[in-house]
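# Fold and geometry: a report
These are the residues of each chain, in order.
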Amino acid sequence: MRGLPRERIGRRGLLAALILLLSGCAPVPVRIAHDSRPFVFAQDTLAFSNQLDWIYRRNPATGKTDYTSVEPEPDYIHRCFVLVRTARQFFLHARFDPRLAQADRATYRKLVREVLKRSVRDTTPDAAPVRIPGYADLRDFSADWAELLKQEAGGAIDSYLQIGNWRMIFPFSRDSQHDTAQQLLQEIRADWPPIVHLVRFPHITINHAVLLYAAAEHPATIVFSVYDPNNAQAPTTLTYDRASRTFIFPATDYFEDGRVDVYEVYRSLFY
């Protein structure tokens, strides 16, 4: 058999690599920590929210979405990626012990920095998790130390420059969204709470990161339970419609509801 010209081999190799890269397929993470457990909204989420600088409302008279600016102007915005990343870093690398006495600010700052310097992608957490004294869980800790966590977790630039943002500009096929739904379902079953980017492109009606922590399978749908960093008070949902192979996100203060494209971030070298 005659060999292919090097130029054609190169092009085919690059194309194959690109297809593999964009497919988003990856082995299901296996947590090897001895105390692996499911993510729990009431325990593992932050007590404060990413703030909105605009509020969106559908006008019932016109059917169109209007928006108004928030007054006074909020000072903690564009941190959706930062907050879900922080929640998972604490889930992976911190353990809380309410039996111990509470510490001072300097001690907690040191402990928070230790947690946040560890990998958000790590499926094999360090053998010695960071021990946080005086609190039962992240929800309680972040209620008392919100400002410290905000100072240490990162800024809006960390959302703007999240490494996986490049993926949003490429089309999402229905087959790829089907594969994504199955992958997310398997990861949740393995006690790995996936972080996903919700997006519509090029007309950007949503550009947001959330964390999924539970799933309910139905004949027509898969309903994922969602920690939305824009709303610390209650969980929401992300629904996968099997027939249309489409994800649907409900109406919020920043999205009028409907189809979203979904891909996982904080998962691999390229995302």
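Keep in mind the model is a prediction, meaning the values are calculated, not measured. (Residues numbered from 1 in each chain as written. Predicted model: local features only at pLDDT ≥ 70, side-chain atom pairs only at ≥ 80, totals over all residues. Heavy atoms only, no water.)

### Considerations on the overall build of the protein
If you tally the helices and strands in the protein, you get 8 helices and 10 strands. Considering the protein as a whole, with its 271 residues, one finds that 46% of them fall into the buried category. Long-range contacts, defined here as pairs at least 24 residues apart, represent 69% of the contacts in the protein between residues at least 6 apart. Of the roughly 14,300 Å² of accessible surface on the protein, 56% is carried by carbon and sulfur atoms. (Helix = DSSP H or I, 4+ residues; strand = E, 2+ residues; numbered from the N terminus. Buried < 20%, exposed > 50% of the residue type's maximum accessible area, 1.4 Å probe, protein only. Contact = heavy atoms within 4.5 Å. Areas by Shrake-Rupley, 256 points an atom, 1.4 Å probe, with all protein chains shown as cover.)

### A closer look at the confidence of the model for the protein
Detailed reading of the predicted model is not advised wherever pLDDT is low. Summarising the model, the protein shows a mean pLDDT of 86, and 81% of its residues fall at 70 or more. Taken as a whole, residues 1-24 scores under 50 in pLDDT and shows 9 contacts with residues more than four places along the chain or in a different chain. (pLDDT = per-residue confidence, 0-100.)

### Topic: helix α3 (residues 80-93)
Under the 1.5 Å per step criterion, the end-to-end length of α3 is 20 Å for 14 residues, consistent within 8% with the ideal 20 Å. With 14 of its 14 residues buried, α3 lies for the most part within the structure. (Expected span 1.5 Å × (residues − 1).)

### Some remarks on the sheet that holds strand β7 (residues 221-227)
What the 6 strands build is a closed barrel, ordered β5-β6-β7-β8-β9-β10; its pairing is antiparallel. Along the sheet, successive strands turn relative to each other by an average axial angle of 45 degrees, direction set aside. For strand β9 (residues 246-249) and strand β10 (residues 258-265), the ladder comprises 3 bridges, and the chain directions are antiparallel. Across the sheet, F249 pairs through a bridge with G258, a residue of β10. Along the sheet face, α3 touches β5 (195-199), β6 (207-217), β7 and β10 and points at about 45 degrees away from the line of β6. Relative to the sheet, helix α8 (residues 174-189) contacts β5, β6, β7, β8 (236-241), β9 and β10, its axis offset from that of β10 by approximately 60 degrees. (Pairing = 2+ DSSP bridges. Axes fitted to C-alpha atoms, helices over the stretch in contact; angles between N-to-C directions.)

### Re the pairing of β7
Burial within β7 is extensive, with 5 of its 7 residues counted as buried. When β6 meets β7, the two strands line up antiparallel, connected through 6 bridges. For L211, the partnering residue across the bridge sits in β7 and is Y227. A loop of 3 residues connects β6 with β7, the two strands running antiparallel in sequence. As paired strands, β7 and β8 are joined by 6 bridges and run antiparallel to one another. Directly across from S225, in β8, lies its bridge partner T237.

### A few points about the packing of α3 against helix α4 (residues 105-116)
The contact between α3 and α4 brings their axes to 9 Å, and the two run at 95 degrees. Taken together, the axes of α3 and α4 are roughly perpendicular relative to one another. Where α3 abuts α4, its residues T86, Q89, F90 and H93 lie against V112, V115 and L116. Partitioning the contact of α3 with α4 into residue classes produces 4 nonpolar, 3 polar and no charged. (Parallel < 35°, antiparallel > 145°, perpendicular 65-115°, else oblique. Nonpolar A, V, L, I, M, F, W, Y, C, P; charged D, E, K, R; others polar.)

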